[in-house]
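Descriptive analysis of the structure
Each chain is listed here by its residues.
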Amino acid sequence: MLESTLKKVEVTISDQGMIAATKSGHYEEKFKAMTQKHQAALNKAVIEAQAHLDAGHAQHERDMISYREGLKSSVVTSLLQARLKMAHEAKTLGFDCPSWDVDAWETKLRSLGGNPVKPAAEGSSKAVGKPTGASGEAERDIQADPETDAVENAMNEEGAAS
């Protein structure tokens, strides 16, 4: 009787071992499948994030190119306006330089969409030098001019700061 009970217990233990091995294999396969599924989802998310990052970089490059081109256009416009203003002021003072291609400057300014610079009227000079007392420096009488551009304002501010 003890032997038959021992035999039954051994069979039960053996059966339980086989059941445990089968369940273990089943759960290992499930774990492996879930791991692969999650790894695939993770890889997909990484690829999407990289694509989004690359698109952001490309957009940034396009924006920077656009910004640089706009800045170049703005600088050229300001320089042309300053040149034209200088040429018109020189002409009103009686100085005419044939090497200055004023017509080409005006054409280029119009093509860039800049505001045209009108010649100053005779006798309406903006700066009139007057000697001062002890220092001997010239004092300037500056009148408001609606045609003043950003370049001239910046130059005046720099001169005043130094």
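Residues numbered from 1 in each chain as written. Predicted model: local features only at pLDDT ≥ 70, side-chain atom pairs only at ≥ 80, totals over all residues. Heavy atoms only, no water.

Quick word on the overall build of the protein
What counts here: Think of it this way: any DSSP run of H or I at least four residues long counts as a helix, any run of E at least two long counts as a strand, and we number them from the N terminus. What makes two residues a contact is simply this: any of their non-hydrogen atoms within 4.5 Å. Here the Shrake-Rupley method, with its probe set to 1.4 Å, supplies the accessible areas, and only the displayed protein chains count as covering residues.
When you go through the protein residue by residue, the secondary structure sums to 3 helices and 2 strands. Long-range pairs, those at least 24 residues apart, make up 54% of the contacts in the protein with a sequence separation of at least 6. Counting only carbon and sulfur atoms, one obtains 60% of the accessible surface of the protein, whose full area is about 13,300 Å².

Thoughts on the confidence of the model for the protein
Here is the rule we go by: On a scale of 0 to 100, pLDDT captures the predictor's confidence in every residue.
Averaged over every residue, the pLDDT of the protein is 78; residues scoring 70 or more account for 73%. Least confident of the elements in the protein is strand E2 (residues 138-140), whose mean pLDDT is 39; most confident is helix H1 (residues 2-92), at 91. Every residue in residues 122-148 is under pLDDT 50, and counting partners more than four places away or in other chains gives 28 contacts.

Some words on the packing of aromatic side chains
For clarity, the threshold we go by: Aromatic pairs are defined between Phe, Tyr and Trp rings, using the six-membered ring for Trp, whenever the two ring centres lie within 6.5 Å; interplanar angles under 30 degrees are classed as stacked, those over 60 as edge-to-face, and all others as tilted. Using a 1.4 Å probe on the protein chains alone, a residue whose accessible area is under 20% of its type maximum counts as buried, one over 50% counts as exposed, and one in between counts as partly exposed.
In total, this model carries 2 aromatic pairs according to the counting rule given. An angle of 75 degrees between the planes, with centres 5.9 Å apart, marks the rings of Phe95 and Trp100 as edge-to-face. Accessibility expressed as a relative area gives 24% for Trp100, which makes it partly exposed. Aromatic side chains Trp100 and Trp105 sit 6.4 Å apart centroid to centroid with 40 degrees between the ring planes, which places their arrangement in the tilted category. One aromatic cluster is present, formed by Phe95, Trp100 and Trp105 through successive ring pairs.

Let's talk about the side chain of Thr77
With respect to the element layout, Thr77 can be found in helix H1. Contact partners of Thr77, with chain neighbours within four places excluded, come to Leu109, Leu112 and Gly114.

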